[in-house]
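Here is how the chains run, residue by residue.
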Amino acid sequence: MSEEKTNLGRRNALRLIATTAAAVPVIGCSEKVAQKVVVKEEKPATKPAVKNLDAPKQTLARGTPTDPDLLNPVVPWEMQLDAGELAVLAALCDVIIPADEISPSASSVGAHHYINEYVSAPYSNNKADLVTIRGGVVWLEGESRRRFEDSFVELNDSQKTAICEDIKWARTAKPEFQAGARFFAKVRVLVSTAFYTTEEGMADIGYVGNRPMASFPGAPPEVLKRLGLNS
């Protein structure tokens, strides 16, 4: 065998090896692709999506999504709590935020109606809270009748407070009161949100908001002293 024939033979061998090395994965890929194509062809056709006809119908609030009519608000969903549940919630709201010399009670500014609107919203979190609130009202009524043989609404202040003392904090509540404590915690947050976003609630904490002033005297001396800015 000549040198030229030997070199050509090596080149051809290398080309063959290189081609084979590159071709094997390609062949493998081709086979996999072919298998996928076959599987894809055998996959049954997807059924067309069907609309959930039971989903609550949404109606748009007045105005536009970016410019709502806040003077004429509209709640586009149906309220879920009944009159009996609202009466129990109103009584509990007034235990959490009773009337005092500065402001009225939580129920007098409609905190229980805010809770009803919140838990009636057709969203997953709100639906979960509806279960918590509705179940908690049942628990509270049951506990009230077990201890005092009467509805929570009809109890006197000391009796209501006695029940609420046992469920006021989940971390300190006994195991048999844990469910009531989770309910109480949710109501406490919602009542606080409702009350302190009303004019009465903001006045209760001394918030005055932005008001026009003929002159600006600067920050009060007590604020400057606290910040260490008084000279």
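Everything below is about the structure shown above.
Everything in this summary refers to the structure shown in the same document. Note that the structure is predicted; figures quoted are calculated from it, not measured.

**Structural notes on the packing of aromatic side chains**
Thinking step 1. In the structure shown here, the tally under the stated rule is four aromatic pairs.
Thinking step 2. Seen in terms of ring centroids, Trp-139 and Phe-177 are 6.3 Å apart; in terms of plane orientation they differ by 90°. Their pairing is edge-to-face. Of the two residues, Trp-139 sits in helix H4 (residues 124-148) while Phe-177 sits in the loop between helix H5 (157-167) and helix H6 (178-195), which places them 38 residues apart along the sequence.
Thinking step 3. Phe-177 sits in the buried class, given a relative accessible area of 9%.
Thinking step 4. Relative to Tyr-196, the ring of Phe-195 has its centre 4.9 Å away and its plane inclined at 90°; by these criteria the two rings are edge-to-face.
Thinking step 5. Residue Phe-195 is classed as buried on the basis of its relative accessible area, which comes to 0%.
Thinking step 6. Just above the ring of Phe-152 sits the side chain of Lys-160; from NZ or CZ to the centre is 5.9 Å.
Thinking step 7. Its guanidinium or amino end placed over the ring of Trp-169, Arg-188 lies 4.2 Å from that ring's centre, counting from NZ or CZ.

**Regarding a nonpolar patch on the surface**
Thinking step 1. A cluster of nonpolar side chains, namely Tyr-196, Ile-205 and Tyr-207, defines an oily patch on the protein surface of about 330 Å² accessible area.
Thinking step 2. Checked against the element boundaries, Tyr-196 lands in the loop between H6 and helix H7 (199-204).

Each value, and the rule that gives it
Residues numbered from 1 in each chain as written. Predicted model: local features only at pLDDT ≥ 70, side-chain atom pairs only at ≥ 80, totals over all residues. Heavy atoms only, no water. Phe/Tyr/Trp six-rings, centres within 6.5 Å; stacked < 30°, edge-to-face > 60°. Helix = DSSP H or I, 4+ residues; strand = E, 2+ residues; numbered from the N terminus. Buried < 20%, exposed > 50% of the residue type's maximum accessible area, 1.4 Å probe, protein only. Lys NZ or Arg CZ within 6 Å of the ring centre and 35° of its normal. Patch = residues over 30% accessible without salt bridge, like charges linked within 9 Å, V, L, I, M, F, W, Y side chains within 5 Å. Areas by Shrake-Rupley, 256 points an atom, 1.4 Å probe, with all protein chains shown as cover. Salt bridge = Lys/Arg side-chain N within 4 Å of Asp/Glu carboxyl O.

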